[in-house]
Amino acid sequence: MCPSPRGRPAGDVRVFVVEDHPVLRGVVRLACEHTDGLALAGEAATGEEAVEGCRTTRPDVVVLDLSLPGDLQGLDVARALRSEGTAGRILVLTGRTDDEAVFAAIRVGADGYLEKTAGVRFIADALLRVAAGERVFTAKQERIARSQLGEMARRTRESSDVRAVLTQRELQILELLSRGVTVKQVATRLGLSPRTVETHISKLYRKLGVRNRVQAVSKATAIGLVELS
Amino acid sequence: MASRPTLERAQPSRSPKRRLGVVLVDPLPVVRAGLALLIDERPDMDVVLEAGTAEEALEGLGRIRQRSIVVLIGLGLEGEQDAYWLMRAIRERHPGLAILGCGARADAMSISRALFMGADGYVDKNADPLGFLQALRDAADGEMVLVGPPSEWVREIAQGLERRREVQTKLTDRERQVLRVAAEGLTAREIGDRLGVRERTVTTHLGRIYAKLGVGTRVAAVRVANVSGLVTAGSLE
């Protein structure tokens, strides 16, 4: 890409910024205006606006905040953009610095990850690099992603091991329990006597290596055996 | 959650340098010899066992008393007791050992499978020697190692794990059985014959499988089964 002296020739990287904070939005806008090769394609303050805006503007790079007001969070937006194919590359710009956020961003297909406090002054450089096909992650972030992947493998393994020893009935009961259904209600729903349900539950606890319902649900959720909806 | 106990802490700090013991498992003697040469040259590690089969490896591991061990398993180990089977077996019998899969440009699916079966990481034979050796040290320190594959593969490998989890937890045993046979390309009728159920029952099962996996066609379901390791990893059950 050749740098353009002035104006917005067709060769510029078109940037769409998704950020609810007006000041940060302004920073990205300024970076685009003052950097050769970058042009602002659009702005959005909510996830819904972002998905809609990218449909019409088809930007090369989306700068994406992970925490947004409204129902659609940053990760949901990334997923939507990826499945619709309405964004070339995604650069996450976020205040979240926890390991889970970094890993989650990578899993939805982010091409770069900038922390707001440390990274925003590198935004122009990061945008150009991401647009050129580079991945913009620090060595620390890559390491975090690997270790999270290892954790995920461990959990997946454990969940599959536990699943292998549970009967279909026990799994069914576990799912109902984790939705907060009482033993009596479980019995009614499955057409069993409460006593039978109790028997299933005690076997279930033994297999999970837990002593009560709270532990059972938290263990099952932790290893991904049941999902909290 | 408590991970593998850190090996060095368990040992009295008698020697300043903790030596790392490496177990080489690979069907090819030349590969083992090459790796042994590279490793034995280092002052901080040596090869404590070489094995050409899973059986030899397990037998040898039973005799090793050293605490700090990395088991390097070549993905080329095939047969009934293949590399993945061995990873699972070691994870169960010797939970304290670090296990690394080792291959030549393995794809994301194979790596995903290795991690699922019990590996603490993967190192490629095409890595530069220093990076390769560092991977062994990092694995011994309890780090998750991925040396060789481009870092964007983390996403694909994670997807493989996620699919595995879905197939393992969402489908019933019967549904998994049906899906595995369906992956061979049999018709509903043939599947029914194989499993001793009516064709109608098979189509009902298939319908439920599609719904649970969020797919619309048999081909898509089979693809999920492949990615999830259901088809390739018969040893899972």
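This is a predicted model, so every value here is computed, not measured. (Residues numbered from 1 in each chain as written. Chains lettered and ligands numbered in written order. Predicted model: local features only at pLDDT ≥ 70, side-chain atom pairs only at ≥ 80, totals over all residues.)

Visitor: How do you make sense of the pairing of strand S1 (residues 13-18) of chain A when you look at a structure like this?
Guide: Sheet faces and side chains relate simply in a regular strand, where the side chains alternate between the two faces. Residues and elements named next belong to chain A. With 6 of 6 residues buried, S1 lies mostly within the body of the structure. Because side chains alternate across S1, one face comprises the buried residues Val13, Val15 and Val17, and the other comprises Arg14, Phe16 and Val18, equally buried. Note: S1 against strand S2 (residues 38-44), 6 bridges, orientation parallel. The residue bridging Val17 from the neighbouring strand is Glu43, located in S2. Inspection of the sheet shows S1 paired to strand S3 (residues 61-64) by 4 bridges, in the parallel sense. If you follow Val15 over to S3, its bridge partner there is Val61. (Buried ≥ 20, exposed ≤ 12 C-beta atoms within 10 Å, placed from the backbone. Helix = DSSP H or I, 4+ residues; strand = E, 2+ residues; numbered from the N terminus. Pairing = 2+ DSSP bridges.)

Visitor: Honestly, the environment of Asp125(A) in this entry has me stumped. Any pointers?
Guide: All names here are of chain A. Mapped onto the elements of the fold, Asp125 is located in helix H6 (residues 123-131). Owing to 14 C-beta atoms within 10 Å, Asp125 belongs among the partly exposed residues under this scheme. Residues Asp125 and Ala31, spaced 94 residues apart in sequence, show a C-alpha to C-alpha distance of 9.3 Å.

Visitor: What is the right way to read the sheet that holds strand S2 (residues 45-51) of chain B from this model?
Guide: The strands that make up a sheet are held in pairs by hydrogen bonds between backbone atoms, and each pair lies either parallel or antiparallel. Residue and element names in this part refer to chain B. On the basis of which strands lie adjacent, the open sheet formed by 6 strands has the order S2-S1-S3-S4-S5-S6 and parallel pairing. This sheet does not close on itself; its edge strands, each paired only once, are S2 and strand S6 (145-147). If you compare each strand with its neighbour and ignore which way they point, the axes differ by 25 degrees on average. As paired elements, strand S3 (residues 69-74) and strand S4 (residues 98-103) share 5 bridges and run parallel to each other. Bridge pairing in S4 places Val70 opposite Ala98. Across the sheet, helix H2 (residues 29-40) lies against strand S1 (20-25), S2 and S3, angled at about 165 degrees from S2, the strand it touches most. (Axes fitted to C-alpha atoms, helices over the stretch in contact; angles between N-to-C directions. Contact = placed C-beta atoms within 7 Å.)

Visitor: Can you walk me through the packing of helix H7 (residues 153-170) of chain B against helix H11 (residues 218-228) of chain B in this structure?
Guide: How two helices pack is summed up by the angle between their axes together with the distance between the axes. Residue and element names in this part refer to chain B. Packing of H7 against H11 leaves a shortest axis separation of 8 Å and a crossing angle of 110 degrees. In terms of axis orientation, H7 runs roughly perpendicular to H11. Helix-helix and strand crossings are classified by hand; for H7 and H11 the assignment is left-handed. Residues Gly160, Arg163, Arg164, Glu166 and Val167 of H7 lie in contact with H11, whose contacting residues are Val224, Ala225, Val227 and Ser228. Partitioned by chemical class, the residues of the contact of H7 with H11 number 4 nonpolar, 2 polar and 3 charged. (Parallel < 35°, antiparallel > 145°, perpendicular 65-115°, else oblique. Left-handed = near helix turned anticlockwise from the far one by under 90°. Nonpolar A, V, L, I, M, F, W, Y, C, P; charged D, E, K, R; others polar.)

Visitor: What's the story with the pairing of S1(B) in this structure? I'm lost.
Guide: Residues and elements named next belong to chain B. For S1, the buried fraction is high: 6 of the 6 residues fall into the buried class. Taking every second residue as pointing to the same face, both faces of S1 are buried, with Leu20, Val22 and Leu24 on one and Gly21, Val23 and Val25 on the other. Across 6 bridges, the pairing between S1 and S2 is parallel. Bridge assignment links Gly21 to a residue of S2, and that residue is Asp46. On the question of chirality, the crossover connecting S1 to the parallel S2 by way of H2 is right-handed. Across 5 bridges, S1 lies against S3 in parallel orientation. Directly across from Val23, in S3, lies its bridge partner Val71. (Right-handed = clockwise from strand over helix to strand, strands pointing away.)

Visitor: Is there a simple way to explain helix H10 (residues 199-213) of chain B in this structure?
Guide: Since there are 3.6 residues in each turn of an α-helix, residues three or four apart along the chain are aligned in direction. All names here are of chain B. When the terminal C-alpha atoms of H10 are compared, their 21 Å separation across 15 residues agrees well with the 21 Å that a helix rising 1.5 Å per residue should span. Residues Val202, His205, Ile209 and Leu213 constitute the buried set of H10. For H10, the angular spread of the buried residues around the axis is 60 degrees, confining them to a single face. H10 presents Arg200, Gly207 and Ala211 as exposed residues on the side facing more than 90 degrees away from its buried surface. For H10, the secondary structure elements touched by its buried residues are H7, helix H8 (173-182), helix H9 (188-195) and H11. Phi for Gly214, located one or two positions after H10, is positive at around 65 degrees. (Expected span 1.5 Å × (residues − 1). Arc of directions from axis to C-beta.)

Visitor: Looking at this structure, how should I read the confidence of the model for chain B?
Guide: Residue and element names in this part refer to chain B. When pLDDT is averaged along chain B, the result is 86, and 89% of the positions lie at 70 or above. Taken as a whole, residues 1-16 scores under 50 in pLDDT and shows 14 contacts with residues more than four places along the chain or in a different chain. Every residue in residues 233-237 is under pLDDT 50, and counting partners more than four places away or in other chains gives 5 contacts. This prediction of the complex comes with two scores: 0.80 for pTM and 0.80 for ipTM. (pLDDT = per-residue confidence, 0-100.)

Visitor: Help me understand the interface of chain B and chain A in this model?
Guide: Accessible area lost during the coming together of the parts is what is often quoted as the interface size. Contacts between the two partners involve 18 residues from chain B and, on the opposite side, 20 residues from chain A. Its residues placed into classes, the side of chain B that touches chain A shows 8 nonpolar, 5 polar and 5 charged.

Visitor: I'm lost on the nonpolar core in this one. Help?
Guide: A general feature of soluble globular proteins is that nonpolar side chains tend to end up buried together. Counting 105 residues, the largest nonpolar core has Val15(A), Leu91(A), Val70(B) and Leu100(B) as the members making the most contacts within it. Excluding its chain neighbours within four sequence positions, the residues that come into contact with Val70(B) are Leu20(B), Val22(B), Ala98(B), Leu100(B), Leu136(B), Ala139(B) and Ala140(B). Counting residues in each nonpolar core, the second largest holds 14 residues, with Ile173(A), Leu174(A), Leu177(A) and Val226(A) among its members. (Core = buried A, V, L, I, M, F, W, Y, C linked by C-beta atoms within 7 Å.)

Visitor: Before we go on, may I ask you to explain the environment of Ala183(B) in this structure?
Guide: Residues and elements named next belong to chain B. Take Ala183: it is sitting in the loop between H8 and H9. Classification of Ala183 as partly exposed rests on a count of 18 C-beta atoms within 10 Å. Here the alpha-carbon distance between Ala183 and Ala221, two residues 38 residues apart in the chain, equals 8.4 Å.

Visitor: Please explain the environment of Gln148(A) as it appears in this structure.
Guide: Residues and elements named next belong to chain A. You can see Gln148 is positioned in helix H7 (residues 139-165). Sequence separation of Gln148 and Ala45 is 103 residues, and the distance between their C-alpha atoms is 30 Å. Other than its neighbours up to four places away in sequence, Gln148 contacts Asp99 and Phe103.

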